[in-house]
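# Structural features, examined
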Amino acid sequence: MIVLEAAVFLLVAAGGTAVVLTRNPLNQAIVASFYGLILGIMFLVFQAPDVALSQITVGAVALPLMIVLALAKVRALGGGKGGEQ
Amino acid sequence: MTPAVRRLVFLAAATVAGALLLWGLTGLPPYGVYPGPYGDVLNQVAVAERKATNVVAAVTFDYRGVDTMGEEYILFAAVIGVAVLLRAQRGEVERQPDEDAADRRAPATSNAVRVLGLALLGPVVLFGVYVVTHGHLSPGGGFQGGVVLATGALLVYLSGEYVTLRRVRPVFLLDLAESAGAGGYVAVGLLGVAAGAAFLENVLPLGQPGALLSAGTIPLINLAVGVEVAGGLVLLLSEFLQQTLVLRRPGEVT
């Protein structure tokens, strides 16, 4: 069990670092979605399935969706050029 | 501020913050040790007292029901705020969504996405209903189930087209669900007052632990929250899509 807990901690640390290191907002939304999923797994490993479900629905689905839709609107306004490669 | 000064300020602030963090960490209980009495007490009495096998639901919707009501209204206010911010503003015109326009530029949905989305729609809605209605028995509840239900609308958008979503999205019903869910929570709370007990007191028959109809008011509140969250999120989604795909200011890139 301790191995699993250590592994999931490392995953969370790696995921958080990946979110920070991704500079393009659109890519960042997708990476943040994966990070939300990893956080959900962490809550599951620590025996909090209720919180894990909330985390997955909000962190992996709702939040990235809102970010992507907002980015689409910003791009339509012509202000998203900084974010485009 | 030159970069060198900025780095110096950052290093000083980081040192102080790091020291405070380390100091706080030394005061924490050892890894895996739970010193608070409430969790252990609840684990022992919740199933006997409330007949809810999911102790978390017993806490959030019964013992701490007023807190959760506050949280529900935070979400309610947030959805209303977004709807107000994203409303059609003066000078914005509706244009046809790309999919409808004669010179359409939106890429057609691939058949793989379409089939997968439609195949997932039924199971996702069923799973959402399951999560909402079994909140007092197993992990889940109105909030999580409501978001899963709202994902169904997202699947319709992904696998069909925006115009399809506009057709299956009756705004009146969404508003109704959003408000009925928010009002339903208070209504369940007033049941307690009507029965001569306190607000949000669990006055309904509790039944047998593990049965679908058990735990008194907890499944009712779960249902109210589920309806509110599902309605609110679909409303959010459609407001965002409306802004992104339909409304244009004069001179804006279409």
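Residues numbered from 1 in each chain as written. Chains lettered and ligands numbered in written order. Predicted model: local features only at pLDDT ≥ 70, side-chain atom pairs only at ≥ 80, totals over all residues.

## Remarks on the overall build of chain A
Secondary structure summary: chain A contains three helices and zero strands in total. Taking 12 Å as the expected radius of gyration for a compact globule of 85 residues, we find that chain A reaches 15 Å, considerably beyond that expectation. Dimensions along the principal axes, computed over C-alpha positions, put chain A at roughly 50 × 25 × 10 Å. Classification of the 85 residues of chain A by burial places 21% in the buried group. (Helix = DSSP H or I, 4+ residues; strand = E, 2+ residues; numbered from the N terminus. Rg over C-alpha atoms; globule rule 2.2 N^0.38 Å. Buried ≥ 20, exposed ≤ 12 C-beta atoms within 10 Å, placed from the backbone.)

## Some points on the interface of chain B and chain A
Listed by partner, the interface residues are 16 residues for chain B and 16 residues for chain A. Secondary-structure elements contributing two or more residues to the side of chain B that touches chain A are helix 6 (142-159) and helix 9 (218-246) of chain B. Per-element tally for the side of chain B that touches chain A: the top contributor is helix 6 of chain B, with six residues. Split into classes, the residues belonging to the side of chain B that touches chain A amount to 10 nonpolar, five polar and one charged. (Contact = placed C-beta atoms within 7 Å. Nonpolar A, V, L, I, M, F, W, Y, C, P; charged D, E, K, R; others polar.)

## Structural notes on helix 8 (residues 171-194) of chain B
Residue and element names in this part refer to chain B. Between the first and last C-alpha of helix 8 there are 33 Å, a value that for 24 residues agrees with the 34 Å anticipated at 1.5 Å per step. By the burial criterion, the buried members of helix 8 are Leu 174, Ala 177, Glu 178, Gly 181, Ala 182, Gly 184, Tyr 185 and Val 188. On the buried face of helix 8, the contacting elements are helix 4 (65-85) and helix 9. Looking one or two residues beyond helix 8, the residue adopting positive phi is Gly 196, at roughly 85°. (Expected span 1.5 Å × (residues − 1).)

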